[in-house]
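Structure assessment
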Amino acid sequence: MASTVAGDVSSGASGSRPVLNLPHSPKDMGGTPSTGLSSLVWALPPVAVLAVVFLYPLALVVQQSVSPDEGGTSLAPYGDVFASASFRSALTTTVWLAVGSTVGCLVLGFVLALVIAFVPFPGGRAVAKFIDVFLSFPSFLITLALLFIYGTVGMANGVWTDVTGAADGPFHFLTTPWGVLLAEITYFTPFVMRPLLAAFSQLDTAQLEVASSLGARPARIVRQVILPEALPALAAGGSLVLVMCLNEFGIVLFTGAKGVTTLPMLVYSKAILESDYPAACVVAVVNIAISVGLYSLYRMVSRRVGA
């Protein structure tokens, strides 16, 4: 072996350094060539689990969506659902709530991330750590907290009735679309703040010092120095929040908002309350298609950002 390696050492032009021609594959070194069989064996278990746990139920949902109650295979359930006013209303409500919540999360998350990252205050590091913990909270927990504060018999209404002597308090917005919007913004804002804080931590502070020394006001520094650096993180966080808001079920359910029916709530209503499984599966397929499209957009943005 030593003689083989020594024979592979060749000299170039006079005075040049020797070049070692190393073998390029295990086969060149006399080893066993890789056939890819071992890789295939290791890949089979997770693929099988994925197929059983996710792909098979998804296939059943798609199959049920084209299986009307009369039997056979037909796209009639799609036509019936698309023509119904309840579906169009749920789709409109889902979209405007998701877009409104995303915009609110972007604005509030950007402001809060700015304060945490660039305004020194006691406990700032602890607040930043708490954001990571907050991401693990279930959505209904935030909704219950809001109910305790702004609900019909919540703290705010209780204080109002105690002070004024009125029979009822003024805070009833939590059971309206605006209550759902507030709950979603409260819950999903940290999902925007997390990538923003990561982006701000890598921002060159010398740029801020130079801009400040040249007389730029804080608002101009934020607009011309910080915001351009934060745009990729805002895009990634906003895309993720939009996808999650489109599929949010617990917040709408726990607020008890009357007249607020989103696509997930419509699936629940059709399947559980009306036992109309083909229609429920049609709505679910539409929701999945929208979510997968937006998630692909999120992954594309995250890949460009490097998040």
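Owing to the predicted nature of the structure, the values given are computational and were not obtained by experimental measurement. Residue indices follow the written sequence of each chain, beginning from 1 at its first position. In keeping with the predicted nature of the model, local features appear solely for residues at pLDDT of at least 70, side-chain atom pairs appear and are counted solely at 80 or more, and the whole-chain, interface and lining totals rest on all residues. With hydrogens and water set aside, each side-chain value is computed from the structure's full complement of heavy atoms.

1. What to know about the overall build of the chain
In this text, helices come from DSSP runs of H or I with a minimum length of four residues, and strands from runs of E with a minimum of two, each type numbered from the N-terminal end. A count of helices and strands for the chain gives 13 helices and two strands. Counting across all 307 residues of the chain, residues that qualify as buried make up 32%. Look at the contacts in the chain between residues 6 or more apart in sequence, and 67% of them connect residues 24 or more apart. Shrake-Rupley sampling with a 1.4 Å probe provides the accessible areas, and residues are treated as covered by the protein chains on show and by no other component. Total accessible area computed for the chain in this model is approximately 18500 Å², and 68% of it derives from carbon and sulfur atoms. Exposure categories follow from relative accessible area, calculated using a 1.4 Å probe and restricted to protein chains: below 20% of the type maximum is buried, above 50% is exposed, and the middle band is partly exposed. Every residue pair with non-hydrogen atoms within 4.5 Å of one another is taken to be in contact.

2. With respect to unusual backbone geometry
Trans is the prevailing form of peptide bonds, just as negative phi is the prevailing case for residues other than glycine. Of note, the phi angle at Ser275 is positive, near 55°, even though the residue is not glycine. Judged by its relative accessible area of 46%, Ser275 falls in the partly exposed class.

3. Regarding the side chain of Thr94
Structurally, the position occupied by Thr94 is in helix 4 (residues 85–118). When residues no more than four places from it in sequence are discounted, the contact partners of Thr94 are Leu246, Thr262 and Leu263.

4. Comments concerning the environment of Leu108
Following the sequence through the fold, Leu108 ends up in helix 4. Of the residues examined, Leu108 reaches a relative accessible area of 37% and is grouped as partly exposed. Once residues lying within four places of it in the same chain are set aside, the contact partners of Leu108 are Ile185 and Thr189.

5. Some points on the nonpolar core
Nonpolar cores were defined as sets of buried Ala, Val, Leu, Ile, Met, Phe, Trp, Tyr and Cys residues, with membership established by side-chain atoms within 4.5 Å. Ranked by internal contacts, the top residues of the largest apolar core, which has 43 residues, are Phe188, Leu196 and Phe200. Residue assignment for this core shows that the elements contributing at least two residues are helix 4, helix 5 (124–134), helix 6 (139–150), helix 8 (177–201), helix 9 (205–213), helix 10 (218–246) and helix 11 (250–255). It is helix 8 that contributes the most residues to this core, 12 residues altogether. Setting aside anything within four residues of it in sequence, one finds Phe188 in contact with Cys105, Val241, Met244, Cys245, Glu248 and Ile251.

6. Here's the deal with helix 10
The end-to-end C-alpha separation of helix 10 is 35 Å, well short of the 42 Å expected for 29 residues at 1.5 Å each. Its maximal kink placed at Leu227, helix 10 deviates by approximately 55°, while the proline Pro228 follows within four residues. The span you would expect from a helix comes to 1.5 Å times its residue count less one. Two axes define the bend at a residue: one fitted to the seven residues ending there, one fitted to the seven starting there, and the bend is the angle between them.

7. Focus: a nonpolar patch on the surface
By definition, no residue in a patch forms a salt bridge, and every one has over 30% relative accessible area; like charges are joined within 9 Å, nonpolar side chains (Val, Leu, Ile, Met, Phe, Trp, Tyr) within 5 Å. What makes a salt bridge here is a side-chain nitrogen of Lys or Arg within 4 Å of a carboxyl oxygen of Asp or Glu, nothing more. Together, Val95, Val99, Val103, Val107, Val111, Val115, Val119, Phe121 and Val127 give the surface a local cluster of nonpolar side chains, amounting to about 650 Å² of exposed area. Mapped onto the elements, Val119 comes out in the loop between helix 4 and helix 5. Val119 sits in the partly exposed class, given a relative accessible area of 43%.

8. Topic: the pattern of salt bridges
One pass over the structure, following the stated rule, counts one salt bridge. Between Glu274 and Lys270 there is a salt bridge, with its nearest N and O atoms 3.5 Å apart.

9. Brief notes about the environment of Thr175
Tracing the chain through its elements places Thr175 in the loop between helix 7 (155–164) and helix 8. For Thr175, a relative accessible area of 33% translates into the label partly exposed. Sequence separation between Thr175 and Ala257 is 82 residues, and the spatial gap between their C-alpha atoms is 3.9 Å. Non-local contacts of Thr175, meaning those with residues more than four positions away in its chain, are made with Thr255, Gly256, Ala257 and Lys258.

10. Some thoughts on the packing of aromatic side chains
The pairing test for Phe, Tyr and Trp rings, Trp by its six-membered ring, is centres within 6.5 Å, and the orientation test on the planes gives stacked under 30 degrees, edge-to-face over 60, and tilted for anything in between. With the rule as written, the count across this model stands at 16 aromatic pairs. Among the aromatic residues, those joined into a cluster by ring pairs are Phe130, Phe134, Phe137, Tyr187, Phe188 and Phe191.

11. Observations concerning the confidence of the model for the chain
The predictor reports its confidence for every residue as pLDDT, a score running from 0 up to 100. Averaged over every residue, the pLDDT of the chain is 81; residues scoring 70 or more account for 86%. Per-residue pLDDT, averaged within each element of the chain, yields its smallest value for strand 1 (residues 9–10) (42) and its largest for helix 4 (92). A low-confidence stretch, residues 1–31 stays under pLDDT 50, and its non-local contacts, those more than four residues away or across chains, total 15 contacts.

12. Brief notes about the packing of helix 3 (residues 76–83) against helix 4
Here an angle of 0 to 180 degrees is reported between the N-to-C directions of two axes, which are lines fitted to C-alpha atoms, with helices fitted over the stretch in contact. Viewed as axis vectors pointing N to C, helix 3 and helix 4 meet at an angle of 65°, and their least axial separation amounts to 5 Å. Between helix 3 and helix 4, the interaxial angle falls into the category roughly perpendicular. Note on element contacts: helix 4 touches helix 3 through Ala85, Phe87 and Arg88, opposite Val81, Phe82 and Ala83. Considering only residue class, the contact of helix 3 with helix 4 consists of five nonpolar, no polar and one charged. When describing relative orientation, an angle under 35 degrees is termed roughly parallel and one over 145 degrees roughly antiparallel, while 65 to 115 degrees is termed roughly perpendicular and anything else oblique. Side-chain classes follow a simple rule in which Ala, Val, Leu, Ile, Met, Phe, Trp, Tyr, Cys and Pro form the nonpolar group, Asp, Glu, Lys and Arg form the charged group, and the remainder, Gly included, forms the polar group.

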